[in-house]
Each structure stands twice: as structure tokens, then as C-alpha cells.
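Results of the structural survey
Next come the chains, spelled out residue by residue.
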Amino acid sequence: MSWFHARWPLVLAGLAIGLGLLGGLVWALRPRAEAETAILAREELQEAIRQLDRFLETYPAAPGEARGALQRAQSAFDKAAGHLALTRRAEAQQGTADFRRLQALTAASAPPETILPLARQLREHLQALLEE
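Just so it is clear, the structure is predicted and the values come from calculations on it, not from any experiment. (Residues numbered from 1 in each chain as written. Predicted model: local features only at pLDDT ≥ 70, side-chain atom pairs only at ≥ 80, totals over all residues. Heavy atoms only, no water.)

Points about the overall build of the protein chain
Tallying secondary structure elements over the protein chain gives five helices and zero strands in all. The order of helices and strands in the protein chain, counted from the N terminus, is α-α-α-α-α. Counting only residues that meet the buried cut, the protein chain has 30% of its 132 residues in that class. A fraction of 70% describes how many contacts in the protein chain between residues 6 or more apart in sequence connect residues 24 or more apart. Total accessible area on the protein chain stands at roughly 8400 Å², and carbon and sulfur atoms take up 61% of it. (Helix = DSSP H or I, 4+ residues; strand = E, 2+ residues; numbered from the N terminus. Buried < 20%, exposed > 50% of the residue type's maximum accessible area, 1.4 Å probe, protein only. Contact = heavy atoms within 4.5 Å. Areas by Shrake-Rupley, 256 points an atom, 1.4 Å probe, with all protein chains shown as cover.)

Examining empty space enclosed by the protein
Regions of empty space are outlined by a rolling probe, equal in size to a water molecule, passed over the atoms. Scanning the model with the defined rule gives one cavity of 30 Å³ or more in all. Considered as a void within the structure, the largest cavity measures approximately 50 Å³ in volume. Surrounding the largest cavity, Asp98, Arg101, Leu102, Leu118, Gln121 and Leu122 form its lining. Secondary-structure elements contributing two or more residues to the lining of the largest cavity are helix 4 (89-107) and helix 5 (112-131). Of the residues assigned to the lining of the largest cavity, the class counts are three nonpolar, one polar and two charged. (1 Å grid on protein atoms, 1.4 Å probe; cavity = no way out; pocket = protein on both sides within 12 Å on 5 of 7 lines; lining within 4 Å. Points joined across faces, edges and corners; volume = space filled by probe spheres on them. Nonpolar A, V, L, I, M, F, W, Y, C, P; charged D, E, K, R; others polar.)

Overview of the packing of aromatic side chains
Evaluation of the coordinates by the stated rule reveals two aromatic pairs. Between Phe55 and Tyr59 the ring centres are 5.4 Å apart and the planes differ by 40°, which places this aromatic pair in the tilted class. Taken as a pair, Phe55 and Tyr59 share a single burial class, namely buried. Ring centres of Phe77 and Phe99 lie 5.4 Å apart, and the angle between their planes is 35°; on these two criteria the pair is classed as tilted. One end of the pair, Phe77, is in helix 3 (residues 63-87); the other, Phe99, is in helix 4, and 22 residues separate them in sequence. Just as Phe77 is buried, Phe99 falls in that class too. (Phe/Tyr/Trp six-rings, centres within 6.5 Å; stacked < 30°, edge-to-face > 60°.)

Quick notes on helix 4
Taking 1.5 Å of rise per residue, the 19 residues of helix 4 would be expected to cover 27 Å, and the 27 Å separating its terminal C-alpha atoms lies within 8% of that figure. When we look at burial in helix 4, the residues that qualify are Ala92, Gly95, Thr96, Asp98, Phe99, Leu102, Gln103 and Thr106. Summarising the axial view, the buried residues of helix 4 lie within an arc of 160°, below the 170-degree limit, and thus occupy one face. Among the exposed residues of helix 4, those oriented more than 90 degrees off its buried face are Arg89, Ala90 and Arg100. (Expected span 1.5 Å × (residues − 1). Arc of directions from axis to C-beta.)

Describing the packing of helix 4 against helix 5
As a packed pair, helix 4 and helix 5 sit with axes 10 Å apart at the nearest point and diverge in direction by 155°. Relative to helix 5, helix 4 is oriented roughly antiparallel. Read as a crossing pair, helix 4 and helix 5 show a hand that is left-handed. For the pair formed by helix 4 and helix 5, the contact residues are Glu91, Gly95, Asp98, Phe99, Arg101, Leu102, Leu105 and Thr106 on the first element and Thr114, Ile115, Leu118, Ala119, Leu122, His125, Leu126 and Leu129 on the second. Tallied by class, residues from the contact of helix 4 with helix 5 come to nine nonpolar, four polar and three charged. (Axes fitted to C-alpha atoms, helices over the stretch in contact; angles between N-to-C directions. Parallel < 35°, antiparallel > 145°, perpendicular 65-115°, else oblique. Left-handed = near helix turned anticlockwise from the far one by under 90°.)

Shown next, in the form of C-alpha cells:
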């Protein structure tokens, strides 16, 4: 009994910390509101478009550097695709397929005349998704 009386402030502090950590975990894992995910998806689409612009600028002169920009664009789109799949599943799937095709052509070192029109078309598709 004397052990508990001597250490009760530590026990209470540990309990408070544990409850705080549990509350933070519940908050982090809460379902996001559609408006909140829409904002995040919009930001990721904007980043994907910026990276595609960089890809379009650099592919003819520096294909290696352009591959990095394409990878970053696809990564940003993948983050947005989760939200897009809720409201525009077909468009999200089309964007994913377009990125895969562009990645495959870029990995095969296809000529700019083949790759750039596809990249522009993908950029226009993403821009249309952003404007809706």
C-alpha cells in the first residue's frame, strides 16, 4: 500500500499520457470527410500536373531526369486516385492506366515523338479532373 501512495502521481501521469496517445490514434484513424479528402486530392492533382509539366520540358533533352518527374507525377496521382475512385472511378482507372503506359514507354526509351503526345493527353485529362 505504501508503494501506491508514494508513486500515485507517476501512475496518474502514465495514465494521462496513455489516454492522450490513445486519443491521438483515434483522431488519426478517423474517417475523413469527403470535403477534406477532396481538398487533399486536388492538391495532389496539382502536384501531378506540375511534375508532368517538368516531364514534358525535360524528356527530349534529359530522359533520366524526366523519369524522376514522371515517377513523382504518378505518385501524386496515386494519392489522389483514392478519393477520385469514390466519385469518378472510370476516370481514376484511366489515369492509372495512362501513367502505366507512359512509364513503360519511358522505360523502353521511346522517342519523344511517341511519348510527348501521350504525356500531353494525360496532362489534359488531369487538368479536366482538377477543374470539375
